[in-house]
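This is what each chain is made of:
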Amino acid sequence: MSRAMREPACWEMFWPEVAVLDCNANALGIEEASLMDAAGKRLATAAREMTEGAIVIVCGPGNNGGDGFVAARYLREWGIDTSVLASHTESRGASARAAREAAGEVLVWPDAPIEKNSLLIDCLLGAGAIPGQTLRPPIGGIAAWADELGIPVMACDIPTGLRGPDVLSADVTLTFHSMKQGLTSPEAGEVTVVPLPWPAEVEDCGPGDASRYPPLAANARKGDRGRLWIIGGGPYHGAPMLAGMAAARTGCDLVHIAMPSAAVARVEWPATLIPEVLPDEDMLTDASLAYISEAFGSRGTQALVIGPGLGRDDATLSAVSEILRMSSDNGIPVVIDADAISA
């Protein structure tokens, strides 16, 4: 296979990030179908370079399967003997359905191509999988059948079932945009990162980032979406307020801003935030620990942000260290920000 492709990025992307970037790309005017076409053509080109024999492509119901259908169309146009096996009778999403229709003949599991192939392309799940999941029918059946063929496997984006008990191991993985978590494992084989035709702005915050947060249920009540404490302020008060407003805007129900009393007094409080006046006056010290401990223990604090605007006085950093210990003892997840990092 040609290695005249972009070197892998130095960071590894979480699998759900792929959907975030796809949505951001769409908001920038880049159609999903054009991305699918680019991915499928890259896949077909790599497959053609890997073998001169017949190819079978196994396609799942989502966009990873859509990439496979596009690859099949190109390979067939190039005169390469290509069979396509779909896991479902229908594909999800307009782009995947259109790609399937344009691909030509498609067999549906449990029908399967005659075992005369020299390369199998895995387009079953990709980033649509849950890391470590057990493969359920019909995906599990196809993966087991493919594994029994004993021919080289090329995975599209991420090998199906990666990190799980029944992974469809790949000899080669062609992944898009950047490395994904888990692709350094032997089951991914030799990994090549290829770019997609989208601008760097897809990584900026956009509409796709809203998919990171769970939707609000129609019958939701106050408290269903969490109670957050933000401990900060003292010398400064703006940063903890901004953090609190961001938490409220992303859907957190109960956002408590805990600051020394002088910082609390300087703020014009919005109705969306709950002020917590710490016993300290000008900066956080051990004098506020009992108040914070009570909040962690009996008031149902579910997450903590600590650090914005605290300052770096030795007494403050000592208190932060103790608060981090308390949060760990209470099983409270923490974002350590700004001045708290020094602790």
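Structure: above.
In this text the structure is predicted, and so the values were computed from the model without any measurement. (Residues numbered from 1 in each chain as written. Predicted model: local features only at pLDDT ≥ 70, side-chain atom pairs only at ≥ 80, totals over all residues. Heavy atoms only, no water.)

So what exactly am I meant to see when it comes to the environment of R92 here?
When you line up the elements, R92 lands in the loop between β3 (82-86) and α4 (94-103). Contact partners of R92, with chain neighbours within four places excluded, come to P61, G62, N63 and R97. (Helix = DSSP H or I, 4+ residues; strand = E, 2+ residues; numbered from the N terminus. Contact = heavy atoms within 4.5 Å.)

So what exactly am I meant to see when it comes to the pattern of salt bridges here?
Once their charged atoms are close, side chains differing in charge can pair, the charge on each being opposite to the other. Inspection of the entire model under this criterion finds 10 salt bridges. Here E77 and R73 are joined by a salt bridge, their closest N and O atoms 3.7 Å apart. Pair noted here: E77 and R73 are both in helix α3 (residues 63-77), with a separation of four residues, about one helical turn. Between R312 and D339 there is a salt bridge, with its nearest N and O atoms 3.3 Å apart. Residue R312 is located in the loop between β13 (303-306) and α9 (314-329), and its partner D339 is located in the segment after β14 (334-336); the two are separated by 27 residues in the primary sequence. A relative accessible area of 13% places D339 in the buried class. Each member of the salt-bridge network shares a partner with another, and the members are E17, D209 and R212. (Salt bridge = Lys/Arg side-chain N within 4 Å of Asp/Glu carboxyl O. Buried < 20%, exposed > 50% of the residue type's maximum accessible area, 1.4 Å probe, protein only.)

What is the right way to look at the sheet that holds strand β4 (residues 107-108) in this model?
Consider a sheet: its strands pair through backbone hydrogen bonds, and that pairing is either parallel or antiparallel. Strand order in this open sheet of seven strands is β4-β3-β2-β5-β6-β7-β9, and the pairing throughout is parallel. Only two strands of the sheet have a single neighbouring strand rather than two, namely β4 and β9 (190-194). Pairing of strand β6 (residues 153-156) with strand β7 (residues 172-176) involves three bridges; the strand directions are parallel. Across the sheet, residue C156 finds its bridge partner in β7, namely L174. (Pairing = 2+ DSSP bridges.)

Just checking my understanding: could you explain the pairing of strand β10 (residues 227-231) for this structure?
Counting buried positions along β10 gives four out of five residues, so the element sits mostly inside the fold. Pairing of β10 with strand β11 (residues 254-260) involves five bridges; the strand directions are parallel. Following the sheet pairing, W229 is matched in β11 by H256. Pairing of β10 with β13 involves four bridges; the strand directions are parallel. Bridging from a neighbouring strand, L228 pairs with A303 of β13.

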